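Per-entry structural report
Chain residues, written in single-letter form:
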Amino acid sequence: LLYDTFVVFGSFARTPHLAKDDTTGHSKGYGFVSYTNFQSSDAAIECMNNQYLGNRIITVQYALKKDAEGRPTTERHGTRAERMLAAAAEQQQQLKSNHMPRSSPMNSSVNNTSMFAPSGMPPPPPPPPPPPPVGMPPPPPPPPIPNAPAVALPPPP
């Protein structure tokens, strides 16, 4: 029920699950849905909070953070700092995927919590194309981009 209800808001980071009592196996009355991005989480909260699910009104909100010992704190996930770190990690991942071959093992798995892009720094330029083989003429220049602004360059020295 959780999967079918919440999948419409985006991709899951983990399979949704209901919390159950270990001894009885009965539901504890709450569950968890984890999305791969904040936009999906925000949409699910906005659309599903205080709605009916299985003849019950549900509360949908960000989970409480836990301290070093695993105990819940009073702060919830979804903070501005978490969003900034996630945005920086996404930007870093896009840069990596644009500059790495598709078959690279680095593209298959990324730990978003360890990635950080310094603010105010422009992304690095793309690598230059490889030189043509010896004895081959250079490739023709790419065709002009429609509606692109013209840029006049000084002649080479």
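Since the structure is predicted, the reported quantities are computational estimates derived from the model, not experimental observations. (Residues numbered from 1 in each chain as written. Predicted model: local features only at pLDDT ≥ 70, side-chain atom pairs only at ≥ 80, totals over all residues. Heavy atoms only, no water.)

**Observations concerning the pattern of salt bridges**
Evaluation of the coordinates by the stated rule reveals five salt bridges. The partner of Asp-42 in a salt bridge is Arg-83, with the nearest N and O atoms 2.8 Å apart. Here Asp-42 is found in helix α2 (residues 38–48), whereas its partner Arg-83 is found in helix α3 (residues 80–99), with 41 residues between them in sequence. Residue classification places Asp-42 among the partly exposed residues on the basis of a relative accessible area of 29%. Classification of Arg-83 by relative accessible area gives partly exposed; the value is 28%. In this structure, the salt-bridge partner of Glu-82 is Lys-65, at a minimum N-O distance of 3.7 Å. (Salt bridge = Lys/Arg side-chain N within 4 Å of Asp/Glu carboxyl O. Helix = DSSP H or I, 4+ residues; strand = E, 2+ residues; numbered from the N terminus. Buried < 20%, exposed > 50% of the residue type's maximum accessible area, 1.4 Å probe, protein only.)

**Considerations on a nonpolar patch on the surface**
A contiguous nonpolar patch, built from Tyr-3, Val-7 and Val-8 and spanning about 280 Å² of accessible area, is present on the exposed surface. With respect to the element layout, Tyr-3 can be found in helix α1 (residues 2–6). Classification of Tyr-3 by relative accessible area gives partly exposed; the value is 44%. (Patch = residues over 30% accessible without salt bridge, like charges linked within 9 Å, V, L, I, M, F, W, Y side chains within 5 Å. Areas by Shrake-Rupley, 256 points an atom, 1.4 Å probe, with all protein chains shown as cover.)

**Topic: the nonpolar core**
The biggest cluster of nonpolar side chains holds ten residues, and these are Leu-2, Phe-6, Phe-9, Phe-12, Tyr-35, Ala-44, Met-48, Leu-53, Ile-58 and Val-60. Mapped by element, the contributors of at least two residues to this core are α1 and α2. Not counting chain neighbours up to four residues away, the residues in contact with Phe-6 comprise Phe-12, Val-33, Tyr-35, Ala-44, Met-48, Leu-53, Ile-58 and Val-60. (Core = buried A, V, L, I, M, F, W, Y, C linked by side-chain atoms within 4.5 Å. Contact = heavy atoms within 4.5 Å.)

**Describing the confidence of the model for the chain**
Overall, the predicted model of the chain reaches an average pLDDT of 76, with 62% of residues at or above 70. Confidence scores differ between elements of the chain, with α3 showing the lowest mean pLDDT of 87 and α2 the highest of 94. Note that pLDDT drops below 50 for residues 148–154; the model gives that stretch zero contacts with residues more than four away or on any other chain. (pLDDT = per-residue confidence, 0-100.)

**With respect to the packing of aromatic side chains**
Summed over all chains, the structure comprises five aromatic pairs. Between the aromatic rings of Tyr-30 and Phe-32, the centroid separation amounts to 5.8 Å while the plane-to-plane angle is 90 degrees, which identifies the pairing as edge-to-face. Residue Phe-32 is classed as partly exposed on the basis of its relative accessible area of 36%. Plain terms: the ring middles of Phe-38 and Tyr-62 are 6.2 Å apart, the flat faces sit at 55 degrees to each other, and that makes the pair tilted. One end of the pair, Phe-38, is in helix α2; the other, Tyr-62, is in the loop between β4 (56–57) and β5 (64–66), with 24 residues separating them in the sequence. Overall, the relative accessible area of 17% leaves Tyr-62 in the buried class. (Phe/Tyr/Trp six-rings, centres within 6.5 Å; stacked < 30°, edge-to-face > 60°.)

**A few points about α2**
Taken residue by residue, α2 has Phe-38, Ser-40, Ser-41, Ala-44 and Met-48 as its buried positions. For α2, the buried positions fall inside an angular range of 165 degrees around the axis, keeping them on one side. Within α2, the exposed residues directed more than 90 degrees away from the buried face are Gln-39 and Glu-46. Where α2 begins, one side-chain oxygen reaches toward the backbone nitrogen of Gln-39, 3.2 Å away; that side chain belongs to Asn-37. Directly beyond the C-terminal end of α2, a positive phi value near 65 degrees is found at Asn-50. (Arc of directions from axis to C-beta. Polar contact = N/O pair within 3.5 Å; in protein donor to acceptor, adjacent residues only side chain to side chain.)

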